[in-house]
Every structure is written in structure tokens, then in C-alpha cells.
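Structural description and commentary
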Amino acid sequence: NLHKKMRRVIKIGITGGICSGKSQAVRYLKEMGVSTIDTDLLGHQTYATNSPVYHKLISEFGKQIIAEDGKIDRKILGSLVFGNPSQIIKLNNIVWPAIHSLALSDMKAMEKEIQDNPKIKQVIAVEAAAMIEAGWQSLFDKIWVFQVPTDVAISRLAVRNNMSYSDASSRISSQLSNEERAKSADIVFDTNRDASLVRKEIEDALQQLLSVSSKL
């Protein structure tokens, strides 16, 4: 039916540093009926054996990054680039465009599903830790940034990854700061609070988006 009214699909970009609570936020959104995409999972897909990214990474970083099973050993690759800005740029220039194109095709497929099925909420949330660094903000109508104070993130990471406080601290300080991320945000969520409060705040923000969208 050509006269069927197209529903406006709202795209939310979800970002934040390590241990900022962004993955939990995406789980809440999923429970609320939002279609979600995790670019970290897409990142894993891009590393698949014999993919274009696989071959580019081996030619750039050498066969030392191949594990015994023939797959790319992301730990070895990570240790090669960590703390080396020029190597990190090389890695990102290979991986980010591949993730971007997978995310775009997933979003297109979800949009079609939303248009075809009026029961699905017209919202897509994409979790992307490196969204701002990769310059993907233009893909989204709204950007939600999740954060905790730096010392909380360091403690959480040290416990989660069983690493020393100083190693966790250097991991966190290698990322964008909360202040830098907040500059791109439509909403900043502080997740260093009771989970039910954070969930309620997310739910309210979602309802507001849906009510504005229904009036368009």
C-alpha cells in the first residue's frame, strides 16, 4: 500500500567509557521494546577468518596476531597497539569502516521491520563505545552518554578484569574523558546511582522521544 504512512524511526546512539553502564542501559531499552545493535559484536564479526578485515590486519600487524586456531588473537593485537597512538590509528582505520557498514545495514533492516510491523516501537538504539572518536554522531537523532566518575570506572574495571588499579587507571585514561564525551550528548546519564533510578530516567527519556515523534 503506497499510501501507508511511513513511521519516523528515531535512532539513538548510546556511548560511554569502559564500565560506564552503557551495556546495562541497552539491556533496559531492549526490555522496553527497543530494537538494539551492539557494535562490539559487529566488531567481532569483522574479525572473522578470511574476511577483508582479517587479511588487512595480518598484512598490517603480521602473522604474530594469528592464534593457533587460525583466528585473530585480539589479546595479542590489543597488546601490540595499546599505548601506541599511531598503531591504534592504523587498527581503527581498518576496523571502524567495516563496523560502520555492518551497523548501517543492520539499521536499514531494522527500519524495514519497524515499517512493516506497527507493533514494534519506532526506535533503534546503537551501542558504540567509540562513536565519538569514530565520528559517527551524524547517524543518530539523539546521543545518550552514560558515565560514572573516573575513580568509580577504574575500580569497576579492576574488579571486572582482575587487573591492578594502576593498569585499570591507564586503560581508562587512554579513553576520551567524561567531559569530552558530554559535549556531544543530548542527555548525560549518571549511572553511579541506584539501578532503578537509572532505569526510570531511561524510560522517561524514551517516552519523551516517542511522544514527540508521534506528533510529527
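Here the residue index of a chain counts from 1 through its sequence in written order. Only residues with pLDDT of at least 70 are given local features in this predicted model, and only at 80 or more are side-chain atom pairs given and counted; all residues enter the totals for whole chains, interfaces and linings. Water and hydrogen atoms play no part in the side-chain values, which are based on all heavy atoms of the structure.

**Details of the environment of Ser155**
A run of H or I in DSSP becomes a helix once it reaches four residues, and a run of E becomes a strand once it reaches two; helices and strands are each numbered from the N terminus. Examined against the element boundaries, Ser155 turns out to sit in helix α7 (residues 150-160). Here the alpha-carbon distance between Ser155 and Thr49, two residues 106 residues apart in the chain, equals 35 Å.

**Structural notes on the pattern of salt bridges**
What makes a salt bridge here is a side-chain nitrogen of Lys or Arg within 4 Å of a carboxyl oxygen of Asp or Glu, nothing more. Throughout the structure, instances matching the rule amount to eight salt bridges. A salt bridge links Lys11 to Glu111; its shortest N-O distance comes to 3.3 Å. Residue Lys11 is found in strand β1 (residues 10-16), and its partner Glu111 is found in helix α5 (residues 85-116); the two are separated by 100 residues along the sequence. Working definition: with a 1.4 Å probe on protein chains only, accessible area under 20% of the residue-type maximum means buried, over 50% means exposed, and in between means partly exposed. For Glu111, a relative accessible area of 25% gives the class partly exposed.

**Concerning the packing of α7 against helix α8 (residues 165-173)**
Inter-axis angles, ranging from 0 to 180 degrees, are taken between N-to-C directions of lines fitted to C-alpha atoms, where helices are fitted over the stretch in contact. Direction vectors running N to C along α7 and α8 enclose 125°, while the axes themselves pass 8 Å from each other. Relative to α8, α7 is oriented oblique. When you trace α7 past α8, the crossing you get is right-handed. From α7, Thr150, Asp151, Ala153, Ile154, Ser155, Leu157 and Ala158 reach across to α8, where they touch Tyr165, Ala168, Ser169, Arg171 and Ile172. Classifying every residue of the contact of α7 with α8 gives seven nonpolar, three polar and two charged. Roughly parallel covers angles under 35 degrees, roughly antiparallel covers those over 145, roughly perpendicular covers 65 to 115, and oblique covers all other angles. The handedness criterion is simple: a crossing whose near helix is rotated anticlockwise from the far helix by less than a right angle is left-handed, and one whose near helix is rotated clockwise is right-handed. Note on contacts: a residue pair qualifies if any of its non-hydrogen atoms lie within 4.5 Å across the two residues. Each residue gets one label: Ala, Val, Leu, Ile, Met, Phe, Trp, Tyr, Cys and Pro are nonpolar, Asp, Glu, Lys and Arg are charged, and the others, such as Gly, are polar.

**What to know about the packing of aromatic side chains**
Classification of ring pairs uses Phe, Tyr and Trp, with its six-membered ring standing for Trp, and accepts pairs whose centres are within 6.5 Å; under 30 degrees between planes counts as stacked, over 60 as edge-to-face, and the remaining range as tilted. Under the definition given, this model contains two aromatic pairs. When the centroid spacing of 5.2 Å and the interplanar angle of 55° are considered together, the rings of Trp144 and Phe189 count as tilted. Of this pair, Trp144 sits in strand β4 (residues 142-147) while Phe189 sits in strand β5 (residues 187-190), placing them 45 residues apart in sequence. For the pair shown, Trp144 and Phe189 are each scored as buried.

**Observations regarding the layout of surface pockets**
Over the atoms a probe the size of a water molecule is rolled, and this reveals where empty space is left. The calculated volume of the largest pocket comes to roughly 1800 Å³. Broken down by secondary-structure element, the contributors of at least two residues to the lining of the largest pocket are α1 (22-31), α2 (39-46), α4 (74-81), α5, α7 and α8. Cavities and pockets were defined on a 1 Å grid built over protein atoms only: a cavity is a set of grid points that admits a 1.4 Å probe from which the probe cannot escape, a pocket is an open set flanked by protein on both sides within 12 Å along at least five of seven lines, and lining residues are those with an atom within 4 Å of any such point. Grid points are joined across faces, edges and corners, and a volume is the space filled by probe spheres set on the points.

**Here's the deal with the sheet that holds β4**
Strand order in the open sheet formed by five strands is β2-β3-β1-β4-β5, with parallel pairing between adjacent strands. With one partner strand each, in any of the chains shown, β2 (35-38) and β5 form the two edges of the open sheet. Taking each pair of neighbouring strands and ignoring which way they run, the sheet shows an average axis angle of 20°. Strand pairing is assigned whenever DSSP detects at least two bridges linking the two strands. Pairing of β2 with strand β3 (residues 123-127) involves four bridges; the strand directions are parallel. Its bridge partner lying in β3, Ser35 is registered against Ile124. Each of β2 and β3 touches α2; the most contacted strand, β2, lies at about 50° to it.

**Observations concerning the side chain of Gln122**
The topology assignment puts Gln122 in the loop between α5 and β3. The class for Gln122 is buried, based on a relative accessible area of 14%.

**Section: the nonpolar core**
Soluble, globular proteins show a tendency: their nonpolar side chains are buried together. As used here, the term nonpolar core means buried Ala, Val, Leu, Ile, Met, Phe, Trp, Tyr and Cys residues forming a set that is joined through side-chain atoms within 4.5 Å. Ranked by internal contacts, the top residues of the largest apolar core, which has 32 residues, are Leu57 and Leu77. For Leu77, the contacting residues outside a window of four places in its chain are Tyr47, Leu57, Phe61, Ile65, Ile72 and Leu91. Listed in part, the 20 residues of the second largest apolar core include Ile10, Ile12, Ile14 and Leu209.

**Brief notes about the pairing of β4**
Remember that side chains alternate between the two faces of the sheet whenever the strand is regular. Judged by how many residues are buried, β4 sits mostly within the fold: five of six residues are covered. Bridging between β1 and β4 involves five bridges; their strand directions are parallel. Bridging across to β4, Gly16 finds its partner in Phe146. The pairing of β4 with β5 spans four bridges and is parallel. Paired with Phe146 across the bridge in β5 is Phe189.

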